[in-house]
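# Fold and geometry: a report
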Amino acid sequence: MAKIKRILVVGGAGFLGSHLCEKLLDAGHDVICVDNFFTSQKSNVASLLGRTNFELIRHDITLPIYLEVDEIYNLACPAAPGHYQYNPIKTMKTSLLGAINLLGMAKRCHAKILQASTSEIYGDPEIHPQTENYRGAVNPIGPRSCYDEGKRAAESLFMDYYRVYGLNIRIARIFNTYGPKMHPFDGRVVSNFIRQAISGNPITIFGDGSQTRSFCYYTDLIDGLIRLMENDQNFIGPINLGNPDEFTILELAKLVQKLLGVQENFIFKELPVDDPCRRQPDIALARKKLNWIPKISLEEGLSKTIQWFRQIDISEFRPPTPNY
Ligand code: NAD
Ligand code: UDP
């Protein structure tokens, strides 16, 4: 049997974090989930609380914490634009101080550490699809910069801990990922569209809907993260993880309405400042280094996500920011 590890998942009560915790527990590991519940809630991990190899700690990662662990996944950061712009200074602190605190822990414990970075480090990209050697076109002073520049600075810190101390790091650049347990009020495009269409409301399209994204189902993404952490060539990245199937936002809206069997009905709103026009991961490196490719199509993933949205009681989810 594979070695049982003590694994810390920071941001472990969030959408991706809670799925990651579950997968690691299923593999038999001891999992510690640290979260301040800023954009999540305890119900995401409630089903894990009875498991003897699971521990939940409410803690803000901008403050130091001392734990003894073998591996660290750093997922702590508000990820939806409405959430990370709600308190942009705190977002930057979470990326920077969180990385510093966790890199210090990894150094002290000789632990392996993975950073959940993002396609946003490419900004509004001038090359398409985006490869890992592209340096990006980020507006350093715009409303998205607290997130984009925070994530870029965290990558920089990870690389310096690698170069200076030989830390065993991993950097994953995650592209838009969706699925069950997304916060229904996070304002992200998939959760917004499904929630709006289920309740019979028109879908809000920002701009003319011609901007593109490439959507990855969460099971594929979690598989990629674990492969990156566990790869035995000590490949550190940065590496793109995402589904390369690219769709316009209007195509996504139409597909959601088709799957729900409702009439096409849209409201067009102003495009947010610095909203990237196109986004598609080049995943050749992930294919080569991790033997990883996403398996779930957008239609299949959306159907499963819709099933989850149908069964939840939306009134049990607190709108986390006044934005929606
Ligand atoms: P999420 O908002 O559901 O999860 C983030 C979690 O971090 C939440 O549980 C939140 O409460 C917690 N958190 C925030 N600030 C914290 C702090 N200071 N201390 C402790 N916990 C804190 O979002 P997600 O989609 O699950 O994203 C997880 C990670 O993956 C994020 O770092 C995000 O930037 C990255 N990512 C996600 C996507 C995506 O499409 N889902 C894309 C790119 C990158
Ligand atoms: N979007 C939209 N309507 C919504 C929410 C989002 O048209 O109700 C658009 C948004 O402008 C962006 C895309 O959908 O072009 C993806 O937005 P999201 O917030 O999910 O993530 P991003 O990739 O921009 O971080």
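See above for the structure.
Presented here is a report on the structure given in the accompanying data block. Since we're looking at a predicted model, the values are computed, not measured.

Around ligand 2 sit 18 residues, and of these Val 189, Thr 204, Arg 213, Asp 275 and Arg 279 come closest. Contacts to ligand 2 include Arg 144, whose side-chain N or O atom sits 3.0 Å from an oxygen atom. The side chain of Asp 275 places a nitrogen or oxygen atom 2.6 Å from an oxygen atom of ligand 2. Taken by itself ligand 2 offers 510 Å² of open surface, and the protein chains cover 95% of this. When contributions to the shell around ligand 2 are tallied by element, the ones reaching two or more residues are α5 (189-198) and β8 (203-206).

A few words on the sheet that holds strand β11 (residues 239-241). Strand order in the open sheet formed by 7 strands is β3-β2-β1-β4-β5-β6-β11, with parallel pairing between adjacent strands. In this open sheet, the two edge strands, each paired with only one partner strand, are β3 (54-58) and β11. Sheet twist, expressed as the mean angle between neighbouring strand axes with direction ignored, is 20°. Judged from the 5 bridges that link them, strand β1 (residues 6-10) and strand β2 (residues 30-35) form a sheet pairing that is parallel. Bridging across to β2, Val 10 finds its partner in Val 34. Across the face of the sheet, helix α1 (residues 15-26) comes into contact with β1, β2, β3, β4 (71-74) and β6 (169-174) while running at roughly 170° to β1. The strands touched by helix α6 (residues 218-230) within the sheet are β4, β5 (112-118), β6 and β11, with β6 carrying the most contacts at an inclination of about 160°.

On to unusual backbone geometry. Here the residue pair His 128 and Pro 129 is connected by a cis peptide bond, since its omega of -10° sits within 30 degrees of zero. Among the structural elements, Pro 129 can be located in the loop between β5 and α4 (145-165). Looking along the chain, the bond that leaves Gly 237 and enters Pro 238 is cis, with omega of 0°. A positive phi angle, near 55°, is found at Asn 234, a position not held by glycine.

Once that is clear, we can look at the environment of Gln 196. Among the secondary structure elements, Gln 196 is positioned in helix α5. Looking at Gln 196, the relative accessible area reads 10%, which means it is buried. Along the backbone, Gln 196 and Pro 184 are 12 residues apart, and their C-alpha atoms lie at a distance of 10.0 Å. A polar contact of 2.9 Å, which involves the side chain of Gln 196, links it to the side chain of Thr 204.

Looking now at the pattern of salt bridges. Pairs can form between side chains of opposite charge whenever their charged atoms are close. Going through the model one piece at a time under the given rule, you end up with 16 salt bridges. With its nearest N and O atoms 3.0 Å apart, the salt bridge here joins Lys 5 to Glu 71. Placement of Lys 5 in the segment before β1 and of Glu 71 in strand β4 is noted, with a sequence separation of 66 residues between them. Glu 71 carries the same exposure label as Lys 5, and that label is buried. Salt bridges here are not isolated pairs; linked through shared partners, they connect Lys 5, Glu 71 and Glu 230.

Here α6 spans 18 Å end to end across 13 residues, near enough to the 18 Å set by a 1.5 Å rise per residue. Among the 13 residues that make up α6, 10 are buried, leaving the element largely enclosed by the rest of the structure. For α6, the full list of buried residues reads Tyr 218, Asp 220, Leu 221, Ile 222, Asp 223, Gly 224, Leu 225, Ile 226, Leu 228 and Met 229.

The next point concerns the packing of aromatic side chains. Evaluation of the coordinates by the stated rule reveals 12 aromatic pairs. An angle of 5° between the planes, with centres 4.3 Å apart, marks the rings of Tyr 84 and Tyr 147 as stacked. Highlighted residues: Tyr 84 in helix α2 (residues 81-84) and Tyr 147 in helix α4, separated in sequence by 63 residues. By relative accessible area, which is 8% here, Tyr 147 ends up buried. Across the ring face of Tyr 165, the terminal group of Lys 107 is positioned such that the distance to the ring centre comes to 4.3 Å.

What counts, and where the lines are drawn
Each chain carries its own residue numbering, running from 1 in the written order of its sequence. Whichever chain is written first is A, and whichever ligand is written first is 1; the rest continue in order. Where local features are concerned, this predicted model is filtered to residues with pLDDT of at least 70; where side-chain atom pairs are given and counted, the filter is 80 or more; whole-chain, interface and lining totals use all residues. For side-chain calculations, the full set of non-hydrogen atoms in the structure is used, while hydrogens and water are omitted. Residues are labelled near a given molecule or strand when at least one of their non-hydrogen atoms is within 4 Å of it. Whenever two N or O atoms come within 3.5 Å, that pair is a polar contact, provided that in protein one can donate a hydrogen and the other can accept it, and provided that, for residues adjacent in sequence, both atoms are side-chain atoms. Residue burial considers only the protein chains on display, and all accessible areas are found by Shrake-Rupley using a 1.4 Å probe. A run of H or I in DSSP becomes a helix once it reaches four residues, and a run of E becomes a strand once it reaches two; helices and strands are each numbered from the N terminus. DSSP calls a pair of strands paired once it identifies at least 2 bridges connecting them. Every axis corresponds to a line fitted to the C-alpha atoms, with the helix fit spanning only the stretch in contact, and the corresponding angles, defined between N-to-C directions, vary from 0 to 180 degrees. Whether two residues touch is decided by their heavy atoms; if any such pair falls within 4.5 Å, the residues are in contact. Per-residue accessibility, obtained with a 1.4 Å probe over protein chains only, is compared with the maximum for each type, and a residue is labelled buried under 20%, exposed over 50%, and partly exposed between these values. Any Lys or Arg side-chain nitrogen found within 4 Å of a carboxyl oxygen on Asp or Glu counts as a salt bridge. Here the expected span of a helix is defined as 1.5 Å times the quantity of residues minus one. For Phe, Tyr and Trp, where Trp contributes only its six-membered ring, two rings pair if their centres lie within 6.5 Å, and the inter-plane angle classes them as stacked under 30 degrees, edge-to-face over 60, or tilted in between. Only Lys NZ and Arg CZ are tested; either one counts as a charge over a ring when it is within 6 Å of the ring centre and within 35 degrees of the ring normal.

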